[in-house]
Amino acid sequence: MVRPEDEYRHPAPPDAGSRLWGDTMWVSVVDPQARVFGVNHFHLTNKGYGRFTALYVIDGVQQLYGNKHPLRERPDMGPWSDGRLSYAVVRPLEEIHIAFDGPRYAFDLRFRGRFPVFDYADCPSGNPLSAFGRYGGHYEQAMECRGVLEIRSGPARGEVREIRCFSHRDHSWSARFSEEEGWEWPDGNRPAHFWPTIQLPERQINAFGLIRGDHPPPPGKKRPVGGWVGSAGGVAPLLDARATMLAADDRRTAVAFRYTLTLADGTVLHVRTGHKYGQVKLWCRGEEDLENRLDCYEPFFDLEVEETGERGNGVCEYSIYPPQPRWLV
């Protein structure tokens, strides 16, 4: 069960020792009318620093901000800021405030819960993220985003645009990227996980799984899968989720997705992507700043439910392994 105090930073478990531990918050902005698409991402660690990122596509052009900033080692209740980008809990599990004062763009955004939070521990097989490292917890929530974005550079310099759209957020506390990787990584472009946020007029759907999900899991392991459907009636877990991806010639850039989702009542829905507005990539690091630990992409798409004709939009996160390049120097 998600508690109000889970909005804030979590202490590392006693057996974590000196390993990297932290809270990660992910919050999207998908506003086709304003031509603004973005992901705000925060990693607040037990190592005395946090990583603050605002990764946006504005008028079709990537505008990215990232900073590593000192942070109290002990958990606290925020707000958290690097001096430009800030994250504050206004009402636990109901409202957050994210603001940015950058040289090329700035924004002041409030995110209010559209539907209740969903605890990933309530997935039928438990939290599927636990298959990929130690997770203390993970929850998600459908949101509504309201605010303004100011453009301070480029052809539209001086414009102030109203942001009014659906949004999505998650919050994890985990030891992600705390384990050292091997001396060498194999070459390849292997699709890994999928994680769409499907924002529709009357409901919101989230799903998690492996793109090559038809392959049987290793002996003794369950296929990691999760997700939920939120509406005015509450939230309920998905029973199953699968995805197929069409990639460009580089075998890394997603062109389209089609998802097969099994709802709690056994209903099967197929959701396909439409127009793609652009994409960004998360800043995924362990303690080594130069080592890219995960190529995790965030493309922004229009979406349609084939069986019902419902149309919306969202972010269709996916990853490709191994990261390329590994060393960013």
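Residues numbered from 1 in each chain as written. Predicted model: local features only at pLDDT ≥ 70, side-chain atom pairs only at ≥ 80, totals over all residues. Heavy atoms only, no water.

1. Here we look at the pattern of salt bridges
Phase 1: This model, assessed by the stated rule, comprises 29 salt bridges.
Phase 2: Taking the shortest distance from any N to any O, the salt bridge between R311 and E304 comes out at 3.9 Å.
Phase 3: Residue R311 is classed as exposed on the basis of its relative accessible area of 59%.
Phase 4: Beyond isolated ion pairs, a larger network of salt bridges with shared partners links R91, E94, E95, R110 and R112. (Salt bridge = Lys/Arg side-chain N within 4 Å of Asp/Glu carboxyl O. Buried < 20%, exposed > 50% of the residue type's maximum accessible area, 1.4 Å probe, protein only.)

2. A closer look at the packing of aromatic side chains
Phase 1: For the structure on display, the rule yields 22 aromatic pairs.
Phase 2: Centroid distance W80 to Y87: 5.9 Å. Interplanar angle 40 degrees. Geometry classified as tilted. The same class applies to W80 and to Y87, which are both buried.
Phase 3: Judged by centre distance (6.2 Å) and plane angle (50 degrees), the ring pair of W185 and Y321 falls under tilted. Residue W185 is located in the loop between β11 (160–174) and β12 (190–199), and its partner Y321 is located in strand β20 (residues 311–321); the two are separated by 136 residues in the primary sequence.
Phase 4: Ring pairs connect the aromatic residues F194, F257, Y259, Y297, F301 and Y318, which therefore count as one cluster.
Phase 5: The residue whose ring lies beneath R51 is W283, and the NZ or CZ to ring-centre distance is 5.5 Å.
Phase 6: Across from the ring centre of F166, 3.6 Å away, lies the NZ or CZ of R114, which sits over that ring. (Phe/Tyr/Trp six-rings, centres within 6.5 Å; stacked < 30°, edge-to-face > 60°. Helix = DSSP H or I, 4+ residues; strand = E, 2+ residues; numbered from the N terminus. Lys NZ or Arg CZ within 6 Å of the ring centre and 35° of its normal.)

3. Considerations on the state of the cysteines
Phase 1: Tallied over the entire structure, the rule returns zero disulfides.
Phase 2: Here C123 stays free of any disulfide, with the sulfur of C296 as its closest cysteine sulfur at 17 Å.
Phase 3: Judged by relative accessible area, which is 4%, C123 ranks as buried.
Phase 4: With no disulfide of its own, C284 has C296 as its nearest cysteine by sulfur position, at a separation of 5.2 Å. (Disulfide = S-S within 2.5 Å.)

Note that all results are geometric; they support no functional claim without further evidence.
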